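Breakdown of the fold
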Amino acid sequence: QVQVVESGGDLVQPGGSLRLSCAASGSIFAISSMGWYRQAPGKEREFVAVISWTGDSTYYADSEKGRFTISRDNAKKKVYLQMNSLKPEDTAVYYCAAGPIYGTRSYQYDYWGQGTQVTVSS
């Protein structure tokens, strides 16, 4: 089993920045990638970014390219999502996920956190 816990969500003004953290623990040898997803009220969960466990591969949803950066700290077993130039439409619950396959499809991830709320509003 793998446990995934997100943190860092907050209320931020448009144009502001926020860094989300995701800590993984347990049987992390089974993890090949970790991804970030988000779900806004009334909408389906959508892919945001993914990073391989080694950190040498990353991929972003088109709407996040250039604004969001995913990174990892292997020593701390953490993954981060740095979000800049935030927009009101970025408001959502952000979820961290871990899985054995590098990809963007939610079904590829076996372990999910509880989510952290990000609200972008003036």
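So, a few notes on the structure that sits alongside this text. (Residues numbered from 1 in each chain as written. Predicted model: local features only at pLDDT ≥ 70, side-chain atom pairs only at ≥ 80, totals over all residues. Heavy atoms only, no water.)

What follows deals with the nonpolar core. Counting residues in hydrophobic clusters, the biggest one holds 29 residues, and the most contacted among them are Met34, Trp36, Leu81, Met83 and Tyr94. Contributions of two or more residues to this core are made by β1 (2-7), β3 (18-26), β4 (33-39), β5 (46-52), β7 (68-73), β8 (78-83), β9 (92-99) and β11 (116-120). Those residues in contact with Leu81, other than ones at most four positions away along the chain, are Leu18, Arg19, Leu20, Trp36, Val48, Ala49, Phe68, Thr69, Ile70 and Tyr94. Ranked by size, the runner-up nonpolar core spans six residues in total, among them Phe47, Val50, Ala61 and Ala97. (Core = buried A, V, L, I, M, F, W, Y, C linked by side-chain atoms within 4.5 Å. Buried < 20%, exposed > 50% of the residue type's maximum accessible area, 1.4 Å probe, protein only. Helix = DSSP H or I, 4+ residues; strand = E, 2+ residues; numbered from the N terminus. Contact = heavy atoms within 4.5 Å.)

We now examine the packing of aromatic side chains. All told, the structure shown has five aromatic pairs when counted by the stated rule. Ring geometry for Tyr37 versus Phe47: centroids 5.7 Å apart, planes at 75°, classification edge-to-face. Of this pair, Tyr37 sits in strand β4 while Phe47 is found in strand β5, placing the two residues ten residues apart along the sequence. Here Tyr37 and Phe47 have matching classes, each one buried. Aromatic pair Phe47 and Tyr59: ring centres 6.2 Å apart, planes at 25°, arrangement stacked. Of this pair, Phe47 sits in strand β5 while Tyr59 sits in strand β6 (residues 58-60), and the two are twelve residues apart along the sequence. Tyr59 gets classed as partly exposed once you look at its relative accessible area, which sits at 41%. (Phe/Tyr/Trp six-rings, centres within 6.5 Å; stacked < 30°, edge-to-face > 60°.)

Here we come to the environment of Ala40. Relative to the elements of secondary structure, Ala40 occurs in the loop between β4 and β5. Ala40 sits 64 residues away from Thr104 along the chain, and the two C-alpha atoms are 18 Å apart.

Glancing now at unusual backbone geometry. Positive phi outside glycine occurs at Lys77, with the angle close to 55°. Here Lys77 shows up in the loop between β7 and β8. Accessibility expressed as a relative area gives 38% for Lys77, which makes it partly exposed.

With that settled, the discussion passes to the sheet that holds β7. Strand order in the open sheet made by the four strands is β1-β3-β8-β7, with antiparallel pairing throughout. Unpaired on one side and paired on the other, β1 and β7 mark the two borders of the sheet. Within this sheet the neighbouring strands show an average axis-to-axis angle of 15°, counted without direction. Two elements, β3 and β8, share six bridges in a ladder whose sense is antiparallel. Residue pairing across strands places Arg19 opposite Gln82, the latter belonging to β8. (Pairing = 2+ DSSP bridges. Axes fitted to C-alpha atoms, helices over the stretch in contact; angles between N-to-C directions.)

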